[in-house]
Amino acid sequence: MSIPLGFLAILTDGPAYGSQLHSEFVYRAAHRDHLNAGQVYSTLERLRKHQLIRSAGTTVDDLPLYELTPAGKDRAQRWLSGDDVAGFTSWDEVEDQVLISASLPHGNPTT
């Protein structure tokens, strides 16, 4: 569950494309040694279907950009603030939340 939430958190910094989200997630959650590229795009599709992200146009290289919807921003903020801690099912998820939150200027990794 933390990978989709991590993507939402990263998108609080602004629109991004799929491989950018992949790189940012792996960089920010360095304990994750691998994140499958196919998983990135299936996760983005699920987030889009749940109306948490939407299209934000394309890059100059024609890569599709994604941005948060209001519901996605709210969900990301709840995760970053620690309101979703009770939902964690693994230590990896706790690490994801703390590391990604700490890497964002508006995160709160101490909650």
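Residues numbered from 1 in each chain as written. Predicted model: local features only at pLDDT ≥ 70, side-chain atom pairs only at ≥ 80, totals over all residues. Heavy atoms only, no water.

A.B. asks: Summarise the environment of Leu 65; cite the residues concerned and give the values.
C.D. replies: Mapping Leu 65 onto the fold places it in strand S3 (residues 64-68). For the pair Leu 65 and Gly 18, spaced 47 residues apart in sequence, the C-alpha to C-alpha distance is 7.5 Å. The residues contacting Leu 65, other than those within four sequence positions of it, are Pro 15, Ala 16, Tyr 17, Arg 54, Ser 55, Ala 56, Gly 57, Thr 58 and Thr 59. (Helix = DSSP H or I, 4+ residues; strand = E, 2+ residues; numbered from the N terminus. Contact = heavy atoms within 4.5 Å.)

A.B. asks: Tell me about helix H2 (residues 18-28), residues and numbers included.
C.D. replies: Since the α-helix advances by 3.6 residues per turn, residues separated by three or four positions end up pointing in the same direction. Restricting attention to buried positions, one finds in H2 the residues Gly 18, Leu 21, Phe 25 and Arg 28. Down the axis of H2, the buried set is contained in an arc of 105°. They therefore lie on one face. (Buried < 20%, exposed > 50% of the residue type's maximum accessible area, 1.4 Å probe, protein only. Arc of directions from axis to C-beta.)

A.B. asks: Requested: an account of the nonpolar core, with residues and values cited.
C.D. replies: Judged by nonpolar contacts, the single largest core of 24 residues is most densely connected at Phe 7, Leu 8, Leu 21, Phe 25, Leu 44, Ile 53 and Ile 100. Counting residues per element, the ones that place at least two in this core are helix H1 (2-11), H2, helix H3 (37-49), S3 and helix H4 (70-80). The biggest single contributor to this core is H1, with seven residues. Not counting chain neighbours up to four residues away, the residues in contact with Phe 25 comprise Ser 2, Ile 3, Gly 6, Phe 7, Ile 10, Arg 32, Leu 35, Asp 96 and Ile 100. (Core = buried A, V, L, I, M, F, W, Y, C linked by side-chain atoms within 4.5 Å.)

A.B. asks: With reference to specific residues and values, describe the sheet that holds strand S1 (residues 16-17).
C.D. replies: Through backbone hydrogen bonds, the strands of a sheet pair up, either in parallel or in antiparallel fashion. Taken in spatial order, the three strands make up an open sheet running S1-S3-S2, and their pairing is antiparallel. Bordering the open sheet on either side are S1 and strand S2 (53-58), each of which pairs with just one other strand. The pairing of S1 with S3 spans two bridges and is antiparallel. Within S3, the position partnered with Ala 16 by the bridge is Tyr 66. (Pairing = 2+ DSSP bridges.)

A.B. asks: Which residues make up the pattern of salt bridges, and what values do they have?
C.D. replies: Overall, the coordinates contain five salt bridges when judged by the stated rule. Residue Glu 45 is joined to Arg 48 by a salt bridge in which the shortest nitrogen-to-oxygen separation is 2.3 Å. Here Glu 45 and its partner Arg 48 are both found in helix H3, three residues apart, which amounts to about one turn of the helix. On the basis of relative accessibility, which here comes to 32%, the residue Glu 45 falls in the partly exposed class. (Salt bridge = Lys/Arg side-chain N within 4 Å of Asp/Glu carboxyl O.)

A.B. asks: Account for the packing of H1 against H4, with residues named and values stated.
C.D. replies: A pair of packed helices is captured by two measures, namely the crossing angle of their axes and the spacing between those axes. Remark: H1 packs on H4, axes separated minimally by 8 Å, with the N-to-C direction vectors making an angle of 110°. In this view, H1 runs roughly perpendicular relative to H4, as classed from their interaxial angle. Of the residues in H4, those in contact with Ser 2, Leu 5, Gly 6, Leu 8 and Ala 9 of H1 are Gly 72, Arg 75, Ala 76, Trp 79 and Leu 80. (Axes fitted to C-alpha atoms, helices over the stretch in contact; angles between N-to-C directions. Parallel < 35°, antiparallel > 145°, perpendicular 65-115°, else oblique.)

A.B. asks: Explain the side chain of Thr 43 to me, and be specific about the residues and the numbers.
C.D. replies: With respect to the helices, strands and loops of the structure, Thr 43 is situated in helix H3. Judged by its relative accessible area of 1%, Thr 43 is buried. Among residues more than four places away in sequence, those in contact with Thr 43 are Pro 4 and Phe 7.

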